[in-house]
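A look at the structure
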Amino acid sequence: MANKQIAEDVLSFGLPVLVLGDLNQLPPVFGDPFFLINPDIVLTQIMRQAEDDPIIYLSQLAIKSKKIDIGKYGPRCFVIDKESITDNMLVKSDIVICGKNKTRDRMNKHVRENIYKIDDPYPVKGEKMICRLNNWSKVIEDNIFLINGLIGYVQDTYLETYDKKSICIDFRPEFLDNNYFEKIQIDYEYIFLSYEKKKNWKSFYNKFEFANAITAHLAQGSQYGKVFVYDEKIGDKDYYRKWLYTAITRAMYGLILAI
């Protein structure tokens with residue numbers, strides 16, 4: 001996902017660079033790929049799961065643009081039609097991955113209001129959120145920074161800090177059990193904006209969004225035990241097959257693919 005500008009920044013230091021990536025995953029959000037256009041070595045043996053794993057099987061169907069049939073694939077992988085989706089499937093998955101930001105907004109709203117029954121006009125303890133803006137001045141455990149794409153949970157909300165524009169929360173990254181960022185001042189208005197308004201929103205505060213559902217671009221680079229994928233036909237044929245492959249391969253051992 002490193003575009004030309006990022007690549008040139010990295011190379012400007014004059015240090016040796018070892019670049020690793022998956023040629024089948026999504027390209028950068030902005031700009032074109034740079035490093036992996038002509039890789040020196042391509043690895044073909046799958047190591048994340050066994051080669052006969054259902055997740056691998058489904059991902060290969062996706063990347064080869066082959067038909068994926070509804071059914072059960074092994075003990076923990078299922079392909080269902082969208083009419084069969086239940087609320088239990090959404091909340092029992094470690095993450096919900098979709099294609100469009102409008103779908104992400106709709107799903108997060110549904111999970112928050114209709115499943116968890118949260119009607120508070122601010123994030124509450126236990127809610128899953130994602131950071132959407134790098135803040136390199138915030139760090140815990142020496143090397144964990146508050147960066148774009150970091151998913152975690154609200155540890156506490158400081159209502160006394162609310163001023164209609166911002167509010168402070170404690171934020172625990174999902175891979176930590178006890179440590180967390182304390183009193184992070186987040187943009188209150190940004191949380192509840194539609195995606196269209198968020199795109200050009202300038203802020204003096206930390207940007208956070210609800211994260212029960214995220215897009216495949218946000219999930220790329222991460223992996224989860226159980227993944228729910230909401231299939232959406234986006235982009236051209238080549239982009240779509242990479243999108244579906246990327247979404248499926250975020251799962252380590254459990255997958256529900258709704259087509």
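Model, not experiment: these values are computed from the prediction.

**Remarks on the pattern of salt bridges**
Inspection of every chain in the model, using the stated rule, returns twelve salt bridges. Linking Glu-8 and Lys-4 is a salt bridge whose minimum nitrogen-to-oxygen distance equals 4.0 Å. Highlighted residues: Glu-8 and Lys-4, both in helix 1 (residues 4-11), separated by four residues, approximately one helical turn. Given a relative accessible area of 49%, Lys-4 falls into the partly exposed group.

**Some words on the environment of Lys-197**
Within the secondary structure, Lys-197 is located in helix 6 (residues 195-198). For Lys-197, a relative accessible area of 56% puts it in the exposed group. It is 38 Å that separates the C-alpha atoms of Lys-197 and Arg-76, two residues lying 121 residues apart in sequence.

**Regarding the packing of aromatic side chains**
Per the stated rule, a full pass over the model turns up eight aromatic pairs. Aromatic side chains Tyr-162 and Tyr-188 sit 4.8 Å apart centroid to centroid with 65° between the ring planes, which places their arrangement in the edge-to-face category. Here Tyr-162, found in the loop between strand 7 (151-158) and strand 8 (166-173), pairs with Tyr-188, found in helix 5 (residues 188-191); they are 26 residues apart in sequence, far enough to count as distant. In this structure, Lys-82 is placed above the aromatic ring of Tyr-230, and the distance from its NZ or CZ to the ring centre is 4.3 Å. Sitting above the plane of the Tyr-190 ring, Lys-198 keeps its charged end 5.2 Å from the centroid.

**Thoughts on the sheet that holds strand 8**
The five strands lie next to each other as 9-8-7-4-10, forming an open sheet whose pairing is antiparallel. Looking at which strands have only one partner, the edges of the open sheet turn out to be strand 9 (181-187) and strand 10 (208-210). Across the sheet, the mean angle separating the axes of adjacent strands is 50° when strand polarity is ignored. Of the pairings in the sheet, the one linking strand 8 to strand 9 comprises five bridges and is antiparallel in character. In the strand pairing of strand 9, Ile-167 is matched with Ile-186.

About the cut-offs
- Residues numbered from 1 in each chain as written.
- Predicted model: local features only at pLDDT ≥ 70, side-chain atom pairs only at ≥ 80, totals over all residues.
- Heavy atoms only, no water.
- Salt bridge = Lys/Arg side-chain N within 4 Å of Asp/Glu carboxyl O.
- Helix = DSSP H or I, 4+ residues; strand = E, 2+ residues; numbered from the N terminus.
- Buried < 20%, exposed > 50% of the residue type's maximum accessible area, 1.4 Å probe, protein only.
- Phe/Tyr/Trp six-rings, centres within 6.5 Å; stacked < 30°, edge-to-face > 60°.
- Lys NZ or Arg CZ within 6 Å of the ring centre and 35° of its normal.
- Pairing = 2+ DSSP bridges.
- Axes fitted to C-alpha atoms, helices over the stretch in contact; angles between N-to-C directions.

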